[in-house]
Amino acid sequence: MRKALALLLSAVMAVTVGATVLACGGEPGKDGINGVNGIDGADGAPGKDGLSAYELYIKAHPEYKGSEEQWLAELAGGSKSSYEYSVVSYGRNFGGTLTAGTASSNGSTMSFENAVVKLDQNIIMPTAEDAEWEINIGGVLANGGASAELLASLDKTVTGRVYFGVYADNNIAYLGVNEGGFYFNYCWDVPGATIKSSHEYTVRYKDGTYTLSVDGGSFDKFTKLNYNQSGTVNITDAKVASADLNAKIRAVNGQDYFEWTSIGADSHKVSCKIDYLDVKTSAISDYETMSKHPLYGKTIYHLGSSISYGYTSGGKSFAEQISELTGSKYVKETVSGTTLVGNVTPANDSYVSRFEKFNFGDNPAFLMLQLSTNDFSQNKPTGTVTGSNVTSGFDTSTICGAIEHIISETKRKSPDTKVVIYTCAIRNSWGNRTKYGAFVNATLKMIQAKWDIIVVDLFNLRSVNTDSWMSDDIHPSAHEYANKFTPNMINALVDALK
């Protein structure tokens, strides 16, 4: 059942609703928001204790011996081991500004209608595997509507957002990420009737896994994943699903954290009745607020065939998605049906020939090279990896020789450009999967060791099974790019910058 309300940073904050303000403690509140649409209600009653946020914290944590100045410095510096946030207390005390819709209070419940509330204080949410946090919320989560986005994060990128919500018509509560226009929702089963009546919920992140408890019951794990409230697949391993979600969160934010910044969002306004909404987090000492993504302004070259091009998605692949999410630049030399192997003469029939079109005077941060599926389906010769002292003169009529030639020439032309080879996420039913896998698991490792390159291994990626989201055995759909390719690539590139 409901836990004791957290004594917290915003415990003495006030909420601004249009031109009205509700006081949370101390002097009698003026111009309360008991009315609707900005109509003044009766003056609020005097606060019970008038304690400051620091005094409330000391009352709840008598073991803390620091001064108020030290306490504030620790909060600002992120050095405390945990934080507690009270977004809504007793149905009336909360800190935020209403930017859309209406809000009212009856003294025990805050009611929102088609609302968006910008929180006065962002709530830092860590997603590293050793982090722990809880969201405790009580009330009617979808009042008069099927869907609500109860907490949402700031857009750290052009199109990225993290959110916690419910969808009564689909009988789910979910944590999700808006990534490039695709809403990936990691869901728990919650009956619509429960969502539309008063209940108590605890969302917990612990040991790298997300769980949900309703009315003090068992903590349940994710059961399904959908995008845009459709295209649902079942989740069989909740920890793997949690890792998938964290990969997306990290990709859009550039680190293992995000921030709750609002109740509702412009695109997903909320109609709900909240008795209380508290958050407690830990392990936030390494958090850093960033004004832009780590890949912002970086130039990325892409060399590949249909999977890099976006064969079944109108010529748009992970290359465009990465650019949109991070603010990076890109150049594509991608032609469907082509292979790694080939001549160095100007032509479009091979990666080797198209490599010559890149202008390395642009100082790209990365060259992303697709391990072609076409070479294996067309039975191109594999060749062998040359010795550690061989840096030129490669046999580009073989797969190994073509890859080594491209790596060697990139390092010669632009020593600061990092070479990234990515393997393809393909269905088990693809006829050449065994040959491809053998190269990935043996030969590619030898190439990586010799040249000290980055490998993004999507072939062996352990993730939620979304094979049904592929367009065919080897070609991703647009949402499968966003689901699997784009976040894992972004994270690998960010790691390479460190």
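Use the structure listed above.
What you see is a predicted model, and the numbers here were worked out from it, not measured in a lab. (Residues numbered from 1 in each chain as written. Predicted model: local features only at pLDDT ≥ 70, side-chain atom pairs only at ≥ 80, totals over all residues. Heavy atoms only, no water.)

**Student:** Help me understand helix 11 (residues 478-497), please; the structure alone is not making it clear to me.
**Tutor:** Each α-helix winds once per 3.6 residues, and so residues spaced three or four apart point in a common direction. A rise of 1.5 Å per residue sets the reference length of helix 11, with its 20 residues, at 28 Å; its end C-alpha atoms lie 27 Å apart and thus fit the reference within 8%. Helix geometry: helix 11 is bent most strongly at F485, by close to 35°, with proline P487 lying one to four residues after it. In terms of burial, helix 11 is largely enclosed, as 16 of its 20 residues are buried. (Helix = DSSP H or I, 4+ residues; strand = E, 2+ residues; numbered from the N terminus. Expected span 1.5 Å × (residues − 1). Bend = angle between axes of the 7 residues up to and from the residue. Buried < 20%, exposed > 50% of the residue type's maximum accessible area, 1.4 Å probe, protein only.)

**Student:** I tried to follow the environment of A365 on my own but got confused; where do I start?
**Tutor:** Mapped onto the fold, A365 is located in the loop between helix 7 (351-355) and strand 21 (366-370). Taking the C-alpha atoms as reference points, A365 and T417, separated by 52 residues in sequence, lie 4.9 Å from one another. Once you skip the residues sitting within four places of it in the chain, A365 turns out to touch K298, T299, D416, T417 and K418. (Contact = heavy atoms within 4.5 Å.)

**Student:** Looking at this model, I keep getting lost on the sheet that holds strand 23 (residues 454-457). Mind explaining?
**Tutor:** The strands making up a sheet associate through backbone hydrogen bonding, with each pair oriented either parallel or antiparallel. Strand order across the open sheet formed by five strands is 20-19-21-22-23, with parallel pairing between neighbours. Each edge of the open sheet is held by one strand with a lone partner, namely strand 20 (329-334) and strand 23. With direction set aside, neighbouring strand axes in the sheet form an average angle of 20°. The pairing of strand 19 (residues 299-304) with strand 20 spans six bridges and is classified as parallel. Bridge assignment links L303 to a residue of strand 20, and that residue is E333. Of the strands in this sheet, strand 19, strand 20 and strand 22 (418-423) touch helix 6 (residues 318-326), which is tilted by about 180° from strand 20. Seen against the sheet, helix 10 (residues 433-451) touches strand 22 and strand 23 and runs at an angle of roughly 165° to strand 22. (Pairing = 2+ DSSP bridges. Axes fitted to C-alpha atoms, helices over the stretch in contact; angles between N-to-C directions.)

**Student:** Looking at this structure, how should I read the nonpolar core?
**Tutor:** Within the largest apolar cluster, 121 residues are counted, with the highest numbers of intra-cluster contacts made by F112, W260, L371 and I403. A total of nine residues in this core trace back to one element, the largest contributor, which is helix 11. What L371 contacts, discounting residues up to four positions off in sequence, is L340, F376, I403, I421, Y422, T423, C424, Y436, F439, V440 and L444. Ranked by size, the runner-up nonpolar core spans six residues in total, among them Y163, I172, Y174 and Y183. (Core = buried A, V, L, I, M, F, W, Y, C linked by side-chain atoms within 4.5 Å.)

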